[in-house]
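What the coordinates show
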Amino acid sequence: MKNRQIQRMLDDIEREVRYTRKMIGRNALDPKVMSAMENVPRNEFVPKSYHDAAFDNGPLPIGHGQTISQPYIVALMTDLLELDADDVVLEIGTGSGYQTAILSQLCKQVYTIEYVPALADIAKARLESLGYDNITSMTGNGYDGWPEHAPYDGIIVTAAATHIPKPLIEQLKPGGKLVIPVGRPHLYQELTLVEKDVNGEIDIREVLGVAFVPLQGERDEYI
Ligand code: SAH
C-alpha cells in the first residue's frame, strides 16, 4: 500500500520537474535527492487527520497556521543546493521537520531553526524518535542565521521573505548556495537561488514562482 503511494509521489515530482524544466534548468533531479524523497516517510510528518493525503504532491496544514511544503518543492529546493556528503547546511523554518530529514540524508550536519516553539519541540522529538542523528535544532529567529556554526555550504529558507536577509549571505561559505522564496508574503514569491563564488561574489537567479507562509521577524536590512 505505502510503496504504491510513495511511487505515485515520486512520479508526480518527476512529472512536475518535466513541466517546469525550462524555468528550473534541469530535466530531472539528482537521483540522490529522489532516493531521499523515497526513504523519508512523509506520513510521519503530517497530522494524523491528513494521513490519507500524506503522499499527495501538495502542502498540508501542520497547525499554528503553518504548512508542510509540497513534495515537488521540497525536492527542488534540495536539488538546487547541490549538496555533498560532507556539507554543513542551515535550514530556516523547521516546521514539521520533513525538509530537515530530507537534507539530513544528503549532507554531514543540518542545523535547523524554528520560530514557533511548539512546532520546534514537536519536530525535534519526531526527528529524534525516527533516528535522524545529524540534526541540531533550535527555537529562534532564523533571519539572523546561526552564527556559531557558520559558514554553511548550503542555506535553505522555507518561509517567504520580502528580501534576502544579509546575515544569511554573510554566513554562506564561498562556493555555497542559498535557496529562499522572495516576494510578497501572502501572495506570491520567486524561489531565488543565491550563489557565493570562491571570491565572495554574489550571483542571484530567480527560479520559479512559489507561495510560502511568511518569514516572521524580518529586520529592515534590504539588500
Ligand atoms: N520546511 C517546513 C516548512 C514549514 S512552513 C516543512 O516542510 O514542514 C515554514 C515554517 O517557517 C513555519 O513553521 C514557520 O513557523 C517558520 N518560520 C517563519 N518565520 C521564521 C523565522 N524567522 N525563523 C525560523 N522559522 C520561521
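Notes on the structure in this doc start here. (Residues numbered from 1 in each chain as written. Predicted model: local features only at pLDDT ≥ 70, side-chain atom pairs only at ≥ 80, totals over all residues. Heavy atoms only, no water.)

Some details on helix 6 (residues 117–129)
The periodicity of an α-helix, 3.6 residues per turn, causes residues three or four places apart in sequence to face the same way. For clarity, the threshold we go by: Only DSSP runs of H or I with at least four residues qualify as helices, and only runs of E with at least two residues qualify as strands; both kinds are numbered from the N terminus onward. Expected span, for any helix, means 1.5 Å times one less than how many residues it has. A 1.4 Å probe rolled over the protein chains alone gives each residue an accessible area, and that area as a share of the maximum for its type sets the label: buried under 20%, exposed over 50%, partly exposed in between. Of all possible arcs, the one meant is that of the directions from the helix axis to the C-beta atoms. Note on contacts: a residue pair qualifies if any of its non-hydrogen atoms lie within 4.5 Å across the two residues.
Given a rise of 1.5 Å per residue, 13 residues ought to cover 18 Å, and the 18 Å separating the end C-alpha atoms of helix 6 matches this to within 8%. The complete set of buried residues in helix 6 reads Leu119, Ala120, Ala123, Arg126 and Leu127. Each buried residue of helix 6 lies within a common arc of 135° when the element is viewed along its axis, so the set occupies one face. Of the exposed residues in helix 6, the ones pointing more than 90 degrees away from its buried face are Asp121, Glu128 and Ser129. Here the buried face of helix 6 lies against strand 1 (60–63), strand 2 (66–68), helix 5 (98–104), strand 4 (109–114) and strand 5 (135–139). Following helix 6 by one or two positions, Gly131 adopts a phi angle in the positive range, close to 90°.

Points about the site of the ligand
Inclusion rule: Only heavy atoms are used to decide nearness, and a residue is near a molecule or strand if one of them lies within 4 Å of it. For the purposes of these results, a polar contact is taken to be a pair of N or O atoms within 3.5 Å, where, inside protein, one atom must be able to donate a hydrogen and its partner to accept one; residues adjacent in sequence count only when each atom of the pair is a side-chain atom. The classification used treats Ala, Val, Leu, Ile, Met, Phe, Trp, Tyr, Cys and Pro as nonpolar, Asp, Glu, Lys and Arg as charged, and all other residues, Gly among them, as polar.
Within the structure, the ligand sits among 25 residues, and Ser96, Glu114, Asn141, Gly142 and Gln216 are positioned closest to it. In the environment of the ligand, a nitrogen atom lies 2.8 Å from a nitrogen or oxygen atom belonging to the side chain of Asn141. Thr158 places a side-chain nitrogen or oxygen 3.2 Å from a nitrogen atom of the ligand. Every element with two or more residues in the shell around the ligand is listed here: strand 2, strand 3 (88–92) and strand 4. Top element by residues in the shell around the ligand is strand 2. It accounts for 3 residues. Residues belonging to the shell around the ligand are distributed by class as follows: 10 nonpolar, 13 polar and 2 charged.

A closer look at the environment of Ile68
Relative to the assigned elements, Ile68 resides in strand 2. On the basis of relative accessibility, which here comes to 3%, the residue Ile68 falls in the buried class. Sequence spacing of Ile68 and Ile122 is 54 residues, and the spatial spacing of their C-alpha atoms is 13 Å. Aside from chain neighbours lying at most four places away, what touches Ile68 is Arg42, Phe45, Val46, Pro59, Leu60, Ile62, Ser96 and Tyr98.

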